[in-house]
Amino acid sequence: MTDAARWKATVYVGGLASVVTIGNLHDAFIPFGEIADISLPKNDAPNATEPHRGFAYVEYEDTEDAKEAIDNMDQSELFARVLRVSAAKPPKSTEAGLGSKTAIWEQEGWLAEHAVSEEDHAVAAVPKGSIDDDRPEDPMQGLEGLDVAGPKPE
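For clarity, every value in this text was computed on a predicted model and none was experimentally measured.

Colleague: Outline the side chain of Ser76, listing residues and values.
Modeller: Structurally, the position occupied by Ser76 is in the loop between helix 3 (63–73) and strand 4 (77–78). Since its relative accessible area comes to 17%, Ser76 is described here as buried. For Ser76, the side chain forms a polar contact with the main-chain oxygen of Met73, separated by 2.6 Å.

The following block contains the structure:
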């Protein structure tokens with residue numbers, strides 16, 4: 001199964017009580033389909049007293065089973081806590097985007113998308129004064145004679 005397909009078959013389960021175990025989650029979510037994996041992230045903080053972080057990921061073998069679990073388990077109760085069950089979002093890539101460790105203009109996708117054509121270079125190279133325009137260089141030029149703001153009275 002590809003990574004994209006795996007994330008479509010994975011549900012996020014939030015609002016878990018601290019007493020919830022992987023076995024409890026397996027028992028609660030098995031009625032909706034075959035479970036491939038359950039991940040209950042541990043709390044890594046040095047002074048943490050909770051055994052896990054209060055959420056889990058349940059990966060199903062089939063995408064339809066994941067949808068069924070979301071429909072049936074969202075807003076249900078487990079150990080006197082209301083669960084928030086939704087489709088899991090894939091983790092953000094550290095190689096691209098705003099969370100990246102490299103400058104955005106050094107990334108291949110950005111450069112290909114924002115590349116400047118030769119025609120744009122030619123237009124940018126022409127000095128501003130050499131283009132024949134009917135408008136003055138300074139937009140405020142010609143307003144010195146006006147003593148009142150607004151349109152000219154008729």
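More follows now that the structure is in view.
Colleague: Quick rundown of unusual backbone geometry? Include the residues and the values.
Modeller: Notably, Gln75 is not glycine yet its phi reads approximately 70°, a positive angle. On the secondary structure map, Gln75 appears in the loop between helix 3 and strand 4. The backbone phi angle of Ala80 is positive, close to 60°, even though this residue is not glycine. With respect to the secondary-structure elements, Ala80 resides in the loop between strand 4 and strand 5 (81–82).

Colleague: Can you explain helix 3? Please cite residues and give values.
Modeller: All buried positions along helix 3 are accounted for by Asp65, Ala66, Ala69 and Met73. Each buried residue of helix 3 lies within a common arc of 100° when the element is viewed along its axis, so the set occupies one face. In this fold, the buried residues of helix 3 make contact with helix 1 (3–8), strand 1 (10–14), helix 2 (22–29), strand 3 (55–60) and strand 6 (84–87). Remark: Gln75 follows helix 3 within two positions and exhibits a positive phi of approximately 70°.

Colleague: So what about the pattern of salt bridges? Which residues, and what values?
Modeller: On inspection of all chains with the given rule, the structure shows 2 salt bridges. The partner of Glu59 in a salt bridge is Arg6, and the shortest N-O contact between them spans 3.0 Å. One end of the pair, Glu59, is in strand 3; the other, Arg6, is in helix 1, with 53 residues separating them in the sequence. Given a relative accessible area of 34%, Arg6 falls into the partly exposed group. Between Lys67 and Glu64 there is a salt bridge, and its shortest N-O distance comes to 3.8 Å. Of the two residues, Lys67 and Glu64 both sit in helix 3, 3 residues apart, roughly one turn of that helix. Overall, the relative accessible area of 48% leaves Glu64 in the partly exposed class.

Colleague: For the sheet that holds strand 6, give the residues involved together with the corresponding values.
Modeller: Ordered by their spatial adjacency, 4 strands build an open sheet running 2-3-1-6, and the pairing between neighbours is antiparallel. Strand pairing shows two members of the sheet lacking a second neighbour, strand 2 (35–39) and strand 6, which therefore form its edges. Averaged over neighbouring strand pairs, the angle between their axes works out to 20° when direction is ignored. One ladder, built from 5 bridges, connects strand 1 with strand 3; its direction is antiparallel.

Colleague: Describe the packing of aromatic side chains, listing the residues and the values that go with them.
Modeller: In this structure the tally under the stated criterion is 4 aromatic pairs. A ring pair is formed by Trp7 and Tyr57, whose centres lie 6.0 Å apart and whose planes are at 90°; its orientation type is edge-to-face. In this pair, Trp7 sits in helix 1 while Tyr57 sits in strand 3, placing the two residues 50 residues apart along the sequence. A residue is classified by how much of its surface remains accessible, and Trp7, at 27% relative accessible area, is partly exposed. Taking relative accessible area as the criterion, Tyr57 reaches 25% and is therefore assigned partly exposed. With centroids separated by 5.8 Å and ring planes inclined at 80°, the aromatic side chains of Phe55 and Tyr57 adopt a geometry described as edge-to-face. You can call Phe55 buried: its relative accessible area is 15%.

Rules and cut-offs
Each chain carries its own residue numbering, running from 1 in the direction its sequence is written. Selection of residues for local features in this predicted model requires a pLDDT of at least 70, selection of side-chain atom pairs for listing and counting requires 80 or more, and totals for whole chains, interfaces and linings are taken over all residues. Processing note: side-chain calculations cover all non-hydrogen atoms of the structure and skip hydrogens and water entirely. A helix here means a DSSP run of H or I that spans at least four residues, while a strand means a run of E at least two residues long, and both kinds are numbered starting from the N terminus. Note on exposure labels: buried denotes an accessible area under 20% of the residue type's maximum, exposed denotes more than 50%, and partly exposed covers the range between, all computed with a 1.4 Å probe on protein chains only. Polar contacts here mean pairs of N or O atoms no more than 3.5 Å apart (in protein, one a potential hydrogen donor and the other a potential acceptor; neighbouring residues in sequence count only if both atoms are side-chain atoms). The arc in question is the one spanned by the directions pointing from the helix axis to the C-beta atoms. Note on contacts: a residue pair is in contact if any heavy atoms of the two residues lie within 4.5 Å. By definition, a salt bridge exists where a carboxyl oxygen of Asp or Glu is found within 4 Å of a side-chain nitrogen of Lys or Arg. By definition, two strands form a pair when at least two bridges between them are found by DSSP. Only the contacting stretch of a helix is used when fitting its axis, a line to C-alpha atoms as for every element, and angles between N-to-C directions run 0 to 180 degrees. For this analysis, a ring pair means two rings from Phe, Tyr or Trp (six-membered ring only for Trp) whose centres lie within 6.5 Å, classed as stacked if their planes differ by under 30 degrees, edge-to-face if by over 60, and tilted for the remaining angles.

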